Each structure stands twice: as structure tokens, then as C-alpha cells.
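Remarks on the overall topology
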Amino acid sequence: MIKRGRSFLKSSIFMAGVMLLILAVVMGYFSIKSLLVALPVESYEDKGVYIFSPREVRSAQVKNTGASSRDRRLYPMKTVYMVCYQDTDGRGYQWTERAVTRDWGEAIVKEGVAVNRRVLRIPERGTYITVEPEETAQSHVAGERRRNLVTIGLSGAYCLFYLAAWKGVWALQRRRAGERMD
């Protein structure tokens, strides 16, 4: 019984390690990809801080990535609710924020609490993004870069740790096999 429990523990640790390795590689890949296509600070044009007020709650269909594989096959899309904000100056800027439920989103709209957001325009793409009011184009780009570099570093560190652990296991097994032959 104890031997079976130990075997289960070993296989569980192995599977967890493999899953974390796959996650580390995927996260590292996407962070590198994001780092390579990131826009430089010069690509942003600061349009200033605007007041946005909630206007409506919209439903949107998004890919169902959080479900189990069977549920993902049966229900490939799911409905999410977005609170749509409009700038109060009438310049046409919009910002959306995901609401947990429709009722929660409607409560936000009903309260009508305005929020300040900084608008950073991207002229070469003909679009814009909104960020927190204290954030600038420089701090936004630096924050994105820092997040990607930290993710790459952590992913790489885990991959090295995983390889070192397997090298240690392999060396231990070789030593044990050598002891048995003596």
C-alpha cells in the first residue's frame, strides 16, 4: 500500500513538473513575441486625461478558454458582459471594462461614477488605448517591457531548474545502478 502511494506521488510530481514546464515554455514564447512586436514610446501620442462615464452594458461572445476540454468542445463560445464608457467631452473616445455579471455591470451604469483615463493615440494604426491617468506613454511601454522580461526570466529559470532536477535524478539513478553492480 505504501509503495503504491509512493508511486502515485512520484507520477503526480512528474506530471505537475511537465505541465509547469509546458506552461513556462508557452509563457516564455508569448512574452518574447509580445516583446518583439511592442511599439516604441515614439509611436504613442498623449491626448491627455479624459473623464469617462459608463453608458451601457453589452454582451459579447468570446472563446471559451476556461472550461474543461469536453465543455470547450460543447460550448466553444461564452457570453461576457462589458461596461462601455464614453468620454464626457464628446470626442468619441470609448473604453470598455469587463463586468463579472450583467447585474454588476448594470449597477455600475446605474451609479454613473465617472473615471479618469489617459488616452494614448497610435497614429500609425489609426487607433488609441486608454490607461490609468497617472500612466504616461513612457511608463506604459516600460511596464509592458518589464512584465514581459520578468515572465521570460521566470520561464527560463523554471526551464533551467527542471533540467537541473532531471540531471540530478539521472545522476542519482546512475549512482544507484553502479552500487547494485558492485
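A brief structural summary. (Residues numbered from 1 in each chain as written. Predicted model: local features only at pLDDT ≥ 70, side-chain atom pairs only at ≥ 80, totals over all residues. Heavy atoms only, no water.)

Within the largest apolar cluster, eight residues are counted, these being Tyr 50, Phe 52, Val 83, Tyr 85, Tyr 93, Trp 95, Ala 99 and Val 119. At the level of elements, β1 (45–63), β2 (77–87) and β3 (94–99) are the ones that each hand at least two residues to this core. Non-local contacts of Ala 99, meaning those with residues more than four positions away in its chain, are made with Tyr 81, Met 82, Val 83 and Gly 105. Among the nonpolar cores identified, the runner-up in size contains seven residues, and Leu 39, Leu 120, Val 131 and Ala 137 belong to it. (Core = buried A, V, L, I, M, F, W, Y, C linked by side-chain atoms within 4.5 Å. Buried < 20%, exposed > 50% of the residue type's maximum accessible area, 1.4 Å probe, protein only. Helix = DSSP H or I, 4+ residues; strand = E, 2+ residues; numbered from the N terminus. Contact = heavy atoms within 4.5 Å.)

Where β2 meets β3, six bridges bridge the pair, whose relative direction is antiparallel. If you follow Gln 86 over to β3, its bridge partner there is Gln 94. Joining the antiparallel neighbours β2 and β3 is a turn of six residues, in which Gly 90 adopts a positive phi near 75°. (Pairing = 2+ DSSP bridges.)

So, on to the packing of aromatic side chains. A full pass over the atoms with the stated rule returns eight aromatic pairs. Their ring planes at 55° and their centres at 5.1 Å tell us that Tyr 50 and Tyr 93 sit as a pair that is tilted. Here Tyr 93 lies in the loop between β2 and β3 and Tyr 50 lies in strand β1, a separation of 43 residues in the sequence. For Tyr 50, a relative accessible area of 5% gives the class buried. Exposure remark for Tyr 93: the relative accessible area of 10% places this residue in the buried category. Between the aromatic rings of Tyr 158 and Phe 161, the centroid separation amounts to 6.1 Å while the plane-to-plane angle is 45°, which identifies the pairing as tilted. One end of the pair, Tyr 158, and the other, Phe 161, are both in helix α4 (residues 137–181), three residues apart, so they sit about a helical turn from each other. On the basis of relative accessible area, Phe 161 is assigned to the exposed category, the value being 54%. (Phe/Tyr/Trp six-rings, centres within 6.5 Å; stacked < 30°, edge-to-face > 60°.)

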